[in-house]
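Descriptive analysis of the structure
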Amino acid sequence: MYKLPFEFYLRDDVVQISRDLLGKHLYTKTDGVLTGGMITETEAYRAPDDKASHAYNLRRTARTETMFKTGGTAYVYLCYGIHSLFNVVTNIQNVPHAVLIRSIEPVEGIDIQLQRRGLTKLHPKMTSGPGAMAKALGITRQHNALSLLSDEIWIEDKGLVIPDQQIVSAPRVGVDYAGDDALRPWRFYLADNKFVSKRLKV
DNA sequence: TTGACGATAGTCT
DNA sequence: GACTATCGTCAAC
C-alpha cells in the first residue's frame, strides 16, 4: 500500500532517517496474522566511526554481515541470549548503518500481541523496549536479512507528520561501553507518547 | 574449544 | 528502584 520505498532507506544520514521513522507504522505478517503499530522510539547506529555499533571499524562477522547489505533490509539479532532486537539497515551496500526500533504504539492485531506477550491487559510495557516490541510483533531471527519491502515485515507511511517539538533526542540506552560515542544524542522518541521505554530525567 | 560479555525484561520489594 | 536469569557471539587459546 504505502510501504516506504527503497529511496527512504538509501539516504546517507542515518540520524535523520532515525527521526523520520517516528510516526511511521511497522507491520509483520507471520502465518497470515497481521500485527503492527506506530514507531515511537528509535536509535541510530552509524558505523564505522561509532563504537556502539556492532559494525564499528567495519567489523564483519556472520552476525554483522546483514548490516552491510543495502538499505531497506531487516537486521535482527539476539541480545542477552534471550531477546530479539529489530533494526532497519540504511544507506547503500557496504555502509553498515542501522536504526534500532525500540518501541511502538500497537495499532493492528492488539489481541495477538497481548497473547504473544502473555498479557491480558494493554499496558505501555507490552511494546516498550526493543525486546518486548519484537516479541509482540512476533519478530525472530528468521526475519534477519529479509527485505523491508517483503510481505512478512515492512514499514508504511500513513501520512502522519510529527512536529519537531514533539521529538525528544537523548543519549542511547545501554551503550556505556562506547566511550565518547555513548554521549551522542542519537535516540529519538515522541514526547507525548506512553509507549516509550525510558524517558529523559527532568 | 572455551570463557567473558552484553543495544534486556520480568519479577520482587 | 533493585536484582538476576540466560545464551548466542566473538576472539583468544
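Located above this text is the structure these notes cover.
Notes on the structure follow. Being a predicted model, the structure only gives us computed values, none of them experimental.

1. Brief notes about the pattern of salt bridges
The tally for this structure, following the rule as stated, stands at 12 salt bridges. The shortest N-O distance in the salt bridge between Arg 11 and Asp 20 comes to 2.9 Å. Look at Arg 11 and you get partly exposed, because its relative accessible area is 31%. On the basis of relative accessibility, which here comes to 21%, the residue Asp 20 falls in the partly exposed class. In this structure, a network of salt bridges that share partners links the residues Glu 41, Glu 43, Arg 102 and Arg 187.

2. Observations regarding the side chain of Ser 53
Inspection of the secondary structure puts Ser 53 in the loop between strand 2 (33-46) and strand 3 (73-79). From its side chain, Ser 53 meets the backbone nitrogen of Ala 55 in a polar contact 3.0 Å long. Setting aside residues up to four positions removed in sequence, Ser 53 forms contacts with Tyr 45, Ala 47 and Met 67.

3. What to know about the nonpolar core
Leu 21, Leu 26, Phe 86, Val 88, Ile 101 and Ile 155 are the most contacted members of the largest nonpolar core, which has 32 residues in total. With residues near it in sequence (within four places) discarded, Ile 101 still touches Leu 21, Leu 26, Ile 39, Glu 41, Thr 42, Phe 86, Val 88, Pro 130 and Met 133. In this structure, Tyr 45, Tyr 75, Tyr 77 and Ala 98 belong to the second largest nonpolar core, which totals 16 residues.

4. Some details on the environment of Asp 111
With respect to the secondary-structure elements, Asp 111 resides in helix 3 (residues 110-117). Each C-alpha atom of the pair Asp 111 and Lys 125 lies 15 Å from the other, and the pair is 14 residues apart in sequence.

5. Examining the protein's contact with DNA strand C
Arg 59, Thr 61, Arg 63, Leu 78, Tyr 80, Gly 81, Ile 82 and Arg 141 make up every residue found near DNA strand C. One of the side-chain nitrogen or oxygen atoms of Arg 63 is found 3.1 Å away from a phosphate oxygen of DNA strand C. When the residues that make up the surface near DNA strand C are grouped by side-chain class, the tally is 3 nonpolar, 2 polar and 3 charged.

Calculation rules
Residues numbered from 1 in each chain as written. Chains lettered and ligands numbered in written order. Predicted model: local features only at pLDDT ≥ 70, side-chain atom pairs only at ≥ 80, totals over all residues. Heavy atoms only, no water. Salt bridge = Lys/Arg side-chain N within 4 Å of Asp/Glu carboxyl O. Buried < 20%, exposed > 50% of the residue type's maximum accessible area, 1.4 Å probe, protein only. Helix = DSSP H or I, 4+ residues; strand = E, 2+ residues; numbered from the N terminus. Polar contact = N/O pair within 3.5 Å; in protein donor to acceptor, adjacent residues only side chain to side chain. Contact = heavy atoms within 4.5 Å. Core = buried A, V, L, I, M, F, W, Y, C linked by side-chain atoms within 4.5 Å. Near = heavy atom within 4 Å. Nonpolar A, V, L, I, M, F, W, Y, C, P; charged D, E, K, R; others polar.

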